[in-house]
Amino acid sequence: FLYLLMVGLSAGFIGSLIGIGGGVIIVPMLTLLLGIPIHYAIGTSIISVLATSVAGSRRYIIKEITNIRLGLSIEIFTAAGGIIGGIITAYLKSNILFGIFGAFLLATSVIIYRKNKKNRGKDKIYISKTPSMYNSYYIEESNNKRIDYDVKNVPAGFSVSFFAGIFSGLLGIGGGTVKVPTINLIMGVPIKATTATSNYIIGITAAASSIIYFSNGLIDPFISSAVVMGVLAGGTIGSFIAGKVRNITIVKVMVGVFIIIGINMFLKAFGINFY
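Because the structure is a prediction, the values reported are computed rather than measured.

(A) Region of the structure containing the pattern of salt bridges. What the rule picks out here adds up to 1 salt bridge. We note a salt bridge from D148 to R146, for which the minimum N-O separation is 2.8 Å.

Next comes the structure, spelled out in C-alpha coordinates:
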(Lines give C-alpha, C1' and ligand atoms only; values in the text may rest on other atoms or scores of the structure.)
Protein backbone atom coordinates (compact mmCIF):
# COMPACT_ATOMS: atom_id res chain seq x y z
CA PHE A 1 0.00 0.00 0.00
CA LEU A 2 2.85 2.39 0.86
CA TYR A 3 4.54 1.75 -2.48
CA LEU A 4 1.29 2.41 -4.33
CA LEU A 5 0.77 5.58 -2.31
CA MET A 6 4.26 6.85 -3.24
CA VAL A 7 3.65 6.07 -6.90
CA GLY A 8 0.50 8.20 -6.77
CA LEU A 9 2.23 11.03 -4.90
CA SER A 10 5.09 11.34 -7.39
CA ALA A 11 2.80 10.94 -10.40
CA GLY A 12 0.31 13.51 -9.11
CA PHE A 13 3.05 16.06 -8.42
CA ILE A 14 4.85 15.73 -11.75
CA GLY A 15 1.64 15.27 -13.72
CA SER A 16 0.10 18.44 -12.29
CA LEU A 17 3.33 20.38 -12.83
CA ILE A 18 3.59 19.61 -16.53
CA GLY A 19 -0.08 18.97 -17.37
CA ILE A 20 0.06 15.31 -18.43
CA GLY A 21 -2.18 13.77 -15.79
CA GLY A 22 0.43 11.48 -14.26
CA GLY A 23 -0.58 8.43 -16.29
CA VAL A 24 2.72 8.54 -18.14
CA ILE A 25 4.39 7.97 -14.77
CA ILE A 26 1.88 5.64 -13.13
CA VAL A 27 1.82 3.01 -15.87
CA PRO A 28 5.61 2.51 -16.06
CA MET A 29 6.07 2.54 -12.27
CA LEU A 30 3.31 0.01 -11.66
CA THR A 31 4.51 -2.31 -14.42
CA LEU A 32 8.29 -1.89 -14.31
CA LEU A 33 8.78 -1.54 -10.54
CA LEU A 34 5.83 -3.35 -8.96
CA GLY A 35 5.18 -5.98 -11.63
CA ILE A 36 1.49 -5.22 -12.08
CA PRO A 37 0.10 -6.37 -15.48
CA ILE A 38 -0.03 -3.45 -17.89
CA HIS A 39 -3.77 -3.69 -18.59
CA TYR A 40 -4.53 -3.31 -14.87
CA ALA A 41 -1.90 -0.57 -14.59
CA ILE A 42 -3.63 1.34 -17.38
CA GLY A 43 -7.00 0.92 -15.67
CA THR A 44 -5.53 2.31 -12.44
CA SER A 45 -3.94 5.17 -14.36
CA ILE A 46 -7.25 6.14 -15.95
CA ILE A 47 -8.87 6.50 -12.51
CA SER A 48 -5.83 8.39 -11.19
CA VAL A 49 -5.95 10.86 -14.06
CA LEU A 50 -9.42 11.87 -12.89
CA ALA A 51 -7.94 12.63 -9.45
CA THR A 52 -5.00 14.55 -10.97
CA SER A 53 -7.36 16.73 -12.96
CA VAL A 54 -9.44 17.59 -9.90
CA ALA A 55 -6.41 18.27 -7.69
CA GLY A 56 -4.31 20.06 -10.29
CA SER A 57 -6.74 22.27 -12.19
CA ARG A 58 -8.36 24.22 -9.35
CA ARG A 59 -5.52 26.68 -8.75
CA TYR A 60 -4.91 27.22 -12.47
CA ILE A 61 -8.56 28.19 -12.92
CA ILE A 62 -8.49 30.56 -9.95
CA LYS A 63 -5.38 32.26 -11.40
CA GLU A 64 -7.14 32.48 -14.81
CA ILE A 65 -4.30 30.66 -16.57
CA THR A 66 -6.60 27.95 -17.95
CA ASN A 67 -8.15 28.60 -21.36
CA ILE A 68 -11.51 27.05 -20.50
CA ARG A 69 -13.22 27.79 -23.82
CA LEU A 70 -10.42 26.16 -25.82
CA GLY A 71 -10.21 23.23 -23.42
CA LEU A 72 -13.88 22.33 -23.61
CA SER A 73 -13.86 22.54 -27.42
CA ILE A 74 -10.85 20.23 -27.61
CA GLU A 75 -12.47 17.81 -25.18
CA ILE A 76 -15.35 17.08 -27.54
CA PHE A 77 -12.87 15.37 -29.85
CA THR A 78 -10.64 13.76 -27.22
CA ALA A 79 -13.56 12.21 -25.32
CA ALA A 80 -14.75 10.52 -28.51
CA GLY A 81 -11.25 9.21 -29.16
CA GLY A 82 -10.93 8.03 -25.55
CA ILE A 83 -13.91 5.70 -25.90
CA ILE A 84 -12.46 4.19 -29.08
CA GLY A 85 -9.03 3.74 -27.47
CA GLY A 86 -10.56 2.02 -24.46
CA ILE A 87 -12.27 -0.51 -26.73
CA ILE A 88 -9.12 -1.19 -28.79
CA THR A 89 -6.79 -1.83 -25.83
CA ALA A 90 -8.57 -5.02 -24.76
CA TYR A 91 -7.48 -6.65 -28.04
CA LEU A 92 -3.77 -5.67 -28.05
CA LYS A 93 -0.86 -7.63 -26.53
CA SER A 94 1.14 -6.06 -23.70
CA ASN A 95 4.42 -5.75 -25.65
CA ILE A 96 2.65 -3.79 -28.39
CA LEU A 97 1.31 -1.32 -25.81
CA PHE A 98 4.79 -0.92 -24.30
CA GLY A 99 6.32 -0.26 -27.72
CA ILE A 100 3.72 2.31 -28.76
CA PHE A 101 4.03 4.09 -25.43
CA GLY A 102 7.85 4.28 -25.49
CA ALA A 103 8.24 5.37 -29.11
CA PHE A 104 5.62 8.06 -28.73
CA LEU A 105 7.22 9.58 -25.62
CA LEU A 106 10.70 9.72 -27.15
CA ALA A 107 9.44 11.46 -30.29
CA THR A 108 7.36 13.92 -28.28
CA SER A 109 10.24 14.89 -25.98
CA VAL A 110 12.44 15.90 -28.91
CA ILE A 111 9.72 17.99 -30.57
CA ILE A 112 8.72 19.84 -27.39
CA TYR A 113 12.29 20.68 -26.39
CA ARG A 114 13.33 21.98 -29.81
CA LYS A 115 10.18 24.08 -30.21
CA ASN A 116 10.33 25.72 -26.78
CA LYS A 117 14.09 26.28 -26.88
CA LYS A 118 13.65 28.11 -30.17
CA ASN A 119 10.85 30.30 -28.75
CA ARG A 120 12.50 30.95 -25.37
CA GLY A 121 12.04 34.53 -24.19
CA LYS A 122 9.62 35.47 -26.98
CA ASP A 123 6.52 35.79 -24.78
CA LYS A 124 5.48 39.42 -24.89
CA ILE A 125 2.54 41.81 -24.94
CA TYR A 126 1.21 42.29 -28.45
CA ILE A 127 -1.95 43.08 -30.39
CA SER A 128 -3.63 39.98 -31.73
CA LYS A 129 -3.28 39.55 -35.50
CA THR A 130 -5.38 36.40 -35.70
CA PRO A 131 -8.92 37.08 -34.42
CA SER A 132 -10.28 33.99 -32.71
CA MET A 133 -12.77 33.19 -29.97
CA TYR A 134 -10.00 31.18 -28.30
CA ASN A 135 -7.37 33.95 -28.03
CA SER A 136 -6.55 34.72 -24.40
CA TYR A 137 -3.93 35.87 -21.89
CA TYR A 138 -2.63 35.17 -18.40
CA ILE A 139 -0.50 36.92 -15.80
CA GLU A 140 2.98 35.47 -15.29
CA GLU A 141 3.38 35.14 -11.52
CA SER A 142 7.18 35.23 -11.55
CA ASN A 143 7.29 38.81 -12.92
CA ASN A 144 3.63 39.95 -12.90
CA LYS A 145 3.78 40.28 -16.69
CA ARG A 146 0.71 39.92 -18.90
CA ILE A 147 1.18 37.31 -21.64
CA ASP A 148 -1.23 37.61 -24.59
CA TYR A 149 -1.40 34.83 -27.14
CA ASP A 150 -3.22 33.81 -30.31
CA VAL A 151 -4.63 30.32 -30.74
CA LYS A 152 -3.70 29.15 -34.24
CA ASN A 153 -4.45 26.17 -36.48
CA VAL A 154 -7.68 25.39 -34.63
CA PRO A 155 -9.03 22.76 -37.11
CA ALA A 156 -5.68 20.91 -37.10
CA GLY A 157 -5.54 21.05 -33.31
CA PHE A 158 -9.01 19.55 -32.99
CA SER A 159 -8.15 16.75 -35.44
CA VAL A 160 -4.98 15.79 -33.54
CA SER A 161 -6.94 15.97 -30.27
CA PHE A 162 -9.15 13.14 -31.50
CA PHE A 163 -6.06 10.94 -31.75
CA ALA A 164 -4.96 12.20 -28.34
CA GLY A 165 -8.16 10.71 -26.98
CA ILE A 166 -7.40 7.37 -28.63
CA PHE A 167 -3.93 7.36 -27.01
CA SER A 168 -5.55 8.18 -23.69
CA GLY A 169 -7.93 5.26 -23.80
CA LEU A 170 -5.29 2.96 -25.30
CA LEU A 171 -2.46 3.70 -22.89
CA GLY A 172 -4.13 5.13 -19.79
CA ILE A 173 -2.19 8.40 -19.98
CA GLY A 174 -5.06 10.89 -19.83
CA GLY A 175 -4.19 12.22 -23.29
CA GLY A 176 -1.95 14.86 -21.73
CA THR A 177 1.16 13.60 -23.49
CA VAL A 178 -0.58 14.28 -26.78
CA LYS A 179 -2.65 17.29 -25.74
CA VAL A 180 0.31 19.24 -24.39
CA PRO A 181 2.30 19.03 -27.68
CA THR A 182 -0.87 19.70 -29.67
CA ILE A 183 -1.92 22.80 -27.74
CA ASN A 184 1.64 24.12 -27.42
CA LEU A 185 3.23 23.22 -30.77
CA ILE A 186 0.31 23.19 -33.20
CA MET A 187 -2.02 25.78 -31.66
CA GLY A 188 0.70 28.16 -30.42
CA VAL A 189 -0.41 28.41 -26.77
CA PRO A 190 2.41 29.24 -24.25
CA ILE A 191 3.57 26.24 -22.25
CA LYS A 192 2.16 27.43 -18.92
CA ALA A 193 -1.33 28.06 -20.33
CA THR A 194 -1.01 24.75 -22.17
CA THR A 195 -0.23 22.94 -18.92
CA ALA A 196 -3.17 24.55 -17.14
CA THR A 197 -5.63 23.82 -19.95
CA SER A 198 -4.45 20.22 -20.26
CA ASN A 199 -4.85 19.68 -16.50
CA TYR A 200 -8.41 20.95 -16.78
CA ILE A 201 -9.58 18.62 -19.55
CA ILE A 202 -7.65 15.38 -18.99
CA GLY A 203 -10.15 14.27 -16.36
CA ILE A 204 -13.04 14.42 -18.82
CA THR A 205 -11.15 12.24 -21.30
CA ALA A 206 -10.29 9.77 -18.53
CA ALA A 207 -13.91 9.59 -17.41
CA ALA A 208 -14.97 8.53 -20.90
CA SER A 209 -12.28 5.82 -21.05
CA SER A 210 -12.85 4.54 -17.50
CA ILE A 211 -16.32 3.25 -18.41
CA ILE A 212 -14.77 0.81 -20.88
CA TYR A 213 -12.07 -0.37 -18.46
CA PHE A 214 -14.56 -0.88 -15.65
CA SER A 215 -16.87 -2.92 -17.85
CA ASN A 216 -13.92 -5.13 -18.87
CA GLY A 217 -12.91 -5.76 -15.23
CA LEU A 218 -9.53 -4.04 -15.63
CA ILE A 219 -9.80 -1.75 -12.57
CA ASP A 220 -8.59 -3.16 -9.23
CA PRO A 221 -10.24 -1.24 -6.32
CA PHE A 222 -7.32 -1.76 -3.89
CA ILE A 223 -4.61 -0.62 -6.30
CA SER A 224 -6.67 2.29 -7.62
CA SER A 225 -7.68 3.64 -4.21
CA ALA A 226 -4.10 3.63 -2.90
CA VAL A 227 -2.69 5.35 -5.98
CA VAL A 228 -5.50 7.92 -6.10
CA MET A 229 -4.85 8.96 -2.49
CA GLY A 230 -1.26 9.76 -3.42
CA VAL A 231 -2.28 11.48 -6.65
CA LEU A 232 -4.67 13.86 -4.88
CA ALA A 233 -1.94 14.98 -2.47
CA GLY A 234 0.79 15.23 -5.12
CA GLY A 235 -1.44 16.99 -7.65
CA THR A 236 -2.43 19.67 -5.15
CA ILE A 237 1.20 20.37 -4.25
CA GLY A 238 2.26 20.44 -7.91
CA SER A 239 -0.39 22.97 -8.93
CA PHE A 240 0.76 25.43 -6.26
CA ILE A 241 4.40 25.17 -7.33
CA ALA A 242 3.79 25.27 -11.10
CA GLY A 243 2.47 28.83 -11.09
CA LYS A 244 5.77 30.12 -9.73
CA VAL A 245 8.06 28.07 -11.98
CA ARG A 246 9.57 29.46 -15.20
CA ASN A 247 8.28 28.09 -18.49
CA ILE A 248 11.66 26.67 -19.54
CA THR A 249 11.90 24.78 -16.25
CA ILE A 250 8.55 23.10 -16.91
CA VAL A 251 9.76 22.15 -20.38
CA LYS A 252 13.00 20.62 -19.04
CA VAL A 253 11.15 18.58 -16.42
CA MET A 254 8.67 17.39 -19.04
CA VAL A 255 11.35 16.37 -21.53
CA GLY A 256 13.40 14.59 -18.86
CA VAL A 257 10.40 12.58 -17.67
CA PHE A 258 9.39 11.67 -21.23
CA ILE A 259 12.89 10.47 -22.20
CA ILE A 260 13.52 8.34 -19.09
CA ILE A 261 10.15 6.64 -19.17
CA GLY A 262 10.09 6.38 -22.98
CA ILE A 263 13.36 4.42 -23.03
CA ASN A 264 12.19 2.10 -20.26
CA MET A 265 8.85 1.38 -21.88
CA PHE A 266 10.33 0.85 -25.34
CA LEU A 267 12.91 -1.64 -24.04
CA LYS A 268 10.19 -3.39 -22.03
CA ALA A 269 8.44 -4.14 -25.32
CA PHE A 270 11.40 -6.39 -26.17
CA GLY A 271 11.56 -7.99 -22.74
CA ILE A 272 14.42 -5.82 -21.44
CA ASN A 273 14.18 -4.20 -17.98
CA PHE A 274 16.35 -1.07 -17.78
CA TYR A 275 15.85 0.89 -14.56
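(B) Region of the structure containing a nonpolar patch on the surface. Where nonpolar side chains cluster on the molecular surface, the patch consists of L2, M6, L9, I237, F240 and I241 and spans about 540 Å² of accessible area. Of all the secondary structure elements, the ones that give two or more residues to the nonpolar patch are α1 (2-18) and α9 (221-242). By secondary structure assignment, the location of I237 is in helix α9.

(C) Representation of the packing of aromatic side chains within the structure. The final tally for this structure, using the stated rule, is 4 aromatic pairs. Seen in terms of ring centroids, Y134 and F158 are 6.1 Å apart; in terms of plane orientation they differ by 85 degrees. Their pairing is edge-to-face. Within this pair, whereas Y134 is found in the loop between α5 (94-118) and β1 (136-140), its partner F158 is found in helix α6 (residues 154-171), the two being separated by 24 residues in sequence. By relative accessible area, F158 is classed as buried at 12%.

(D) Representation of the packing of α1 against helix α3 (residues 38-62). Taken N-terminus to C-terminus, the directions of α1 and α3 make an angle of 45 degrees; their axes are 10 Å apart at the nearest point. Classified by the interaxial angle, the pair formed by α1 and α3 is oblique. Two packed elements cross with a definite hand, and for α1 against α3 that hand is right-handed. Here α1 contributes G12, G15, S16 and L17 to the contact with α3, which in turn contributes T52, G56 and Y60. Class assignment for the residues of the contact of α1 with α3 results in 2 nonpolar, 5 polar and no charged.

(E) Geometry of the side chain of S48. Looking at the secondary structure, you find S48 in helix α3. Within the structure, the side chain of S48 is placed 2.9 Å from the backbone oxygen of T44, a separation counted as a polar contact. S48 has contacts with I26, V227, V228 and V231, leaving out every residue within four places of it along the chain.

Rules and cut-offs
Residues numbered from 1 in each chain as written. Predicted model: local features only at pLDDT ≥ 70, side-chain atom pairs only at ≥ 80, totals over all residues. Heavy atoms only, no water. Salt bridge = Lys/Arg side-chain N within 4 Å of Asp/Glu carboxyl O. Patch = residues over 30% accessible without salt bridge, like charges linked within 9 Å, V, L, I, M, F, W, Y side chains within 5 Å. Areas by Shrake-Rupley, 256 points an atom, 1.4 Å probe, with all protein chains shown as cover. Helix = DSSP H or I, 4+ residues; strand = E, 2+ residues; numbered from the N terminus. Phe/Tyr/Trp six-rings, centres within 6.5 Å; stacked < 30°, edge-to-face > 60°. Buried < 20%, exposed > 50% of the residue type's maximum accessible area, 1.4 Å probe, protein only. Axes fitted to C-alpha atoms, helices over the stretch in contact; angles between N-to-C directions. Parallel < 35°, antiparallel > 145°, perpendicular 65-115°, else oblique. Left-handed = near helix turned anticlockwise from the far one by under 90°. Contact = heavy atoms within 4.5 Å. Nonpolar A, V, L, I, M, F, W, Y, C, P; charged D, E, K, R; others polar. Polar contact = N/O pair within 3.5 Å; in protein donor to acceptor, adjacent residues only side chain to side chain.

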